[in-house]
Amino acid sequence: MQKFKLKPIVVVILVGLAVAAGAFFYVSARKPAATPASAQAAPKPALTVTVALPESVRLPIKLAANGNIAAWQEAAIGAESSGLRLTDVRVNVGDVVKAGQVLATFATDSVQADVAQARASLLEAQANAADAAGNAQRARSLQSSGALSTQQINQYQTTEKTAKARAEAAQAVLSAQQLRSRQTQVLAPDSGVISVRTATVGSVVGSGAELFRMIRQGRLEWRAEVTSSELGRIAVGTPVSVVPASGGTLRGRVRMVAPSVDPQTRAALVYVDLPASSKTLTAVRRAGPPQASTAPLGGSEPYAVGSVGAAKAGMFARGEFELGATEALTVPQRALVVRDGFNYLFQLGDGNRVSQLKVQTGRLSGERIEVVSGLPADARIVVNGAGFLNDGDLVRLGQENESNTAPVQAAPAQAAIKAGAKP
C-alpha cells in the first residue's frame, strides 16, 4: 500500500490558513461590544472650588523709600579754657541732661590765684586813680589864682585820665579772670542726650577741645532718599510709617523737604520727625521743659529723645509715605496664580468650566490684591483651588463661597452660580 504524501506547497498553504484563522478569532475576542450613546459616562469635574466676586475698596497710595535715622541737630561741647586739668566728669553716654546742667569740672587752683591777683591789681589801680583825681581837682581850683601854669594843670588832668583808664583795664582783667573761673565748669548748652564722651578725668585739654557731643533736645529724624521724579508728591505734614532695621514700626510726619537735589544720585532728602517712646519722654520731662523749637509732632506727638525703642541715630530704616487713597478693584490674594512670570485668574463660566485670564496687579492690602487690568467687574473668580486648574477645566462648586466676599456681593454671586450650574 502506497503512503499518502502531501506536497510542500500544500503544507505551507495549510499553515498560513491556520495562522490567519487564529488571528481573526483573537482580534474578535478583544474587540469591545458596541455601547449605546446614552450609556456613555459624563465627564468628571477636575476639582471642587469656591468662587468670589471682585470687590471695590479704597486702598492707600504709598511711596516707599530708604534712608538713615539721624539726630535732628548735634551740639559739640568743648573746653573754653586751656591748660586746665579735668577733675570730675558727671555724665556719660546716654544720659539725658537739661540746659545749664554741669557736665564736667576743671581744677580751679590756678584760676582762683589769677582772680586774686587781678583783684589786687584793680584795687591798686583804683587807689592811683583816686589820688590822680584829687590832684587834678586841686589843680583846677588854683587855675584862676595863677599859682599853677596851664601846662601843669593839663598834666594833672592827663594823669587823672590815665589812672582812670588803668583802673578800668584792671577791672576788665578781673572780669576776664572771673569768667575763666566760671569756665571751669562745663555746662550743657541745651537739653538733650549725650551721644559721645571724650572727657577723661585727669587730662589737660586745650581751648576748644571737644569733651562731649549731644543730640539737641533728644530729637531723632528719618532722612529718606527720594528720587526727583517723586519729590513733588510729598508735602510737609505727610504721614509716614518708618521701619528701622531693628524691627517695629514708627509713625512720623514730614518736617521738611530738601530744597535741592544731589546732582550725582538725582535724589533729594526728606526729613521726617520721629515720635518719642514713653521712657525717653519721661526722661526729658524730668530733665526740664523743652524749648519752643520742640513743637509736638502733628500737634500732639512728642519728638524722639535719643532713641525710639530699638531705633537709634545712625541706623538704616525703610519707610512709606502715605499719599492718600483711591478706589481699586480687588480679589483675594489666594485667587492669583503666577505662571511663567505672569499673573492669572480663573473665571467661572457657563457649564462650570473655567477660563484663564491674564491680569495686571497693583497694590496689596492684607489678604486682598488690586487688579489693574484684565478683569471684568462682574466676573466670578475661583479662589480655593485656583493653583491646580488649567484653562477649560470642569469644576465642582463647594458649599460655601470665599469667606472674604462681602455679604452684599456674596448673595448675587451665589444666585448666579446656582442659576448657571447644571445638575
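What you see is a predicted model; the values in this text were computed from it and never measured.

Caption draft 1: The arrangement of the sheet that holds strand E7 (residues 102-106) in detail. Reading across from one edge, E8-E7-E5-E10 is the order of the four strands in this open sheet, with antiparallel pairing throughout. Both edges of this open sheet fall to strand E8 (185-187) and strand E10 (204-205), since each of them pairs with a single strand only. Bridge count between strand E5 (residues 84-89) and E7: three bridges; the pairing is antiparallel. Paired with Asp-88 across the strands is Thr-105, a residue of E7.

Caption draft 2: Spatial organisation of the sheet that holds strand E4 (residues 74-78). Taken together, four strands build an open sheet; the order of strands is E4-E11-E9-E6 and the sheet is antiparallel. Every interior strand has two partners, whereas the edge strands, E4 and strand E6 (96-97), have only one. Bridge count for E6 against strand E9 (residues 192-197) is two bridges, and the pairing is antiparallel. By the bridge assignment, Val-96 is partnered in E9 with Val-193.

Caption draft 3: Spatial organisation of helix H3 (residues 150-182). Under the 1.5 Å per step criterion, the end-to-end length of H3 is 48 Å for 33 residues, consistent within 8% with the ideal 48 Å. Among all positions in H3, only Ile-153, Ala-163, Ala-167, Ala-170, Leu-174, Gln-177 and Ser-181 are buried. Packed against the buried residues of H3 are helix H2 (109-141).

Caption draft 4: Main features of the nonpolar core. One finds Val-97, Leu-103, Phe-106, Leu-211 and Phe-212 to be the most contacted residues of the largest nonpolar core, which totals 30 residues. Those elements giving two or more residues to this core turn out to be E4, E5, E7, H2, H3 and strand E11 (210-216). If you tally residues by element for this core, the top one is H2, at seven residues. The contact partners of Phe-212, leaving out residues within four places of it in the chain, are Ala-75, Ala-76, Ile-77, Val-89, Val-91, Leu-103, Ala-104, Ile-194, Val-196, Arg-197, Thr-198 and Ala-199. If you look at the next biggest cluster of nonpolar residues, it comprises 22 residues, including Ala-65, Ile-215, Ala-268 and Ala-317.

Caption draft 5: Representation of the environment of Glu-210 in the model. With respect to the element layout, Glu-210 can be found in strand E11. Of the residues examined, Glu-210 reaches a relative accessible area of 33% and is grouped as partly exposed. Along the sequence, Glu-210 and Ile-77 sit 133 residues apart, while their C-alpha atoms lie 5.8 Å from each other. Once residues lying within four places of it in the same chain are set aside, the contact partners of Glu-210 are Ala-76, Ile-77, Gly-78 and Thr-198. Of the polar contacts made by the side chain of Glu-210, one reaches the side chain of Arg-213; its length is 2.8 Å.

Caption draft 6: Geometry of the pattern of salt bridges. This structure, assessed with the given rule, holds 15 salt bridges. For Lys-62, the salt bridge identified is with Glu-320, shortest N-O distance 3.6 Å. Placement of Lys-62 in strand E3 (residues 55-71) and of Glu-320 in strand E18 (residues 316-332) is noted, with a sequence separation of 258 residues between them. What makes Glu-320 partly exposed here is its relative accessible area of 33%. Two residues, Glu-74 and Arg-213, come together in a salt bridge whose shortest N-O distance is 3.7 Å. Pair noted here: Glu-74 is in strand E4 and Arg-213 is in strand E11, with a separation of 139 residues, a long-range link. Given a relative accessible area of 24%, Arg-213 falls into the partly exposed group. Via salt bridges that share partners, Arg-219, Glu-221, Arg-223, Arg-255 and Asp-273 belong to a single interconnected network.

About the criteria used
- Residues numbered from 1 in each chain as written.
- Predicted model: local features only at pLDDT ≥ 70, side-chain atom pairs only at ≥ 80, totals over all residues.
- Heavy atoms only, no water.
- Pairing = 2+ DSSP bridges.
- Helix = DSSP H or I, 4+ residues; strand = E, 2+ residues; numbered from the N terminus.
- Expected span 1.5 Å × (residues − 1).
- Buried < 20%, exposed > 50% of the residue type's maximum accessible area, 1.4 Å probe, protein only.
- Contact = heavy atoms within 4.5 Å.
- Core = buried A, V, L, I, M, F, W, Y, C linked by side-chain atoms within 4.5 Å.
- Polar contact = N/O pair within 3.5 Å; in protein donor to acceptor, adjacent residues only side chain to side chain.
- Salt bridge = Lys/Arg side-chain N within 4 Å of Asp/Glu carboxyl O.

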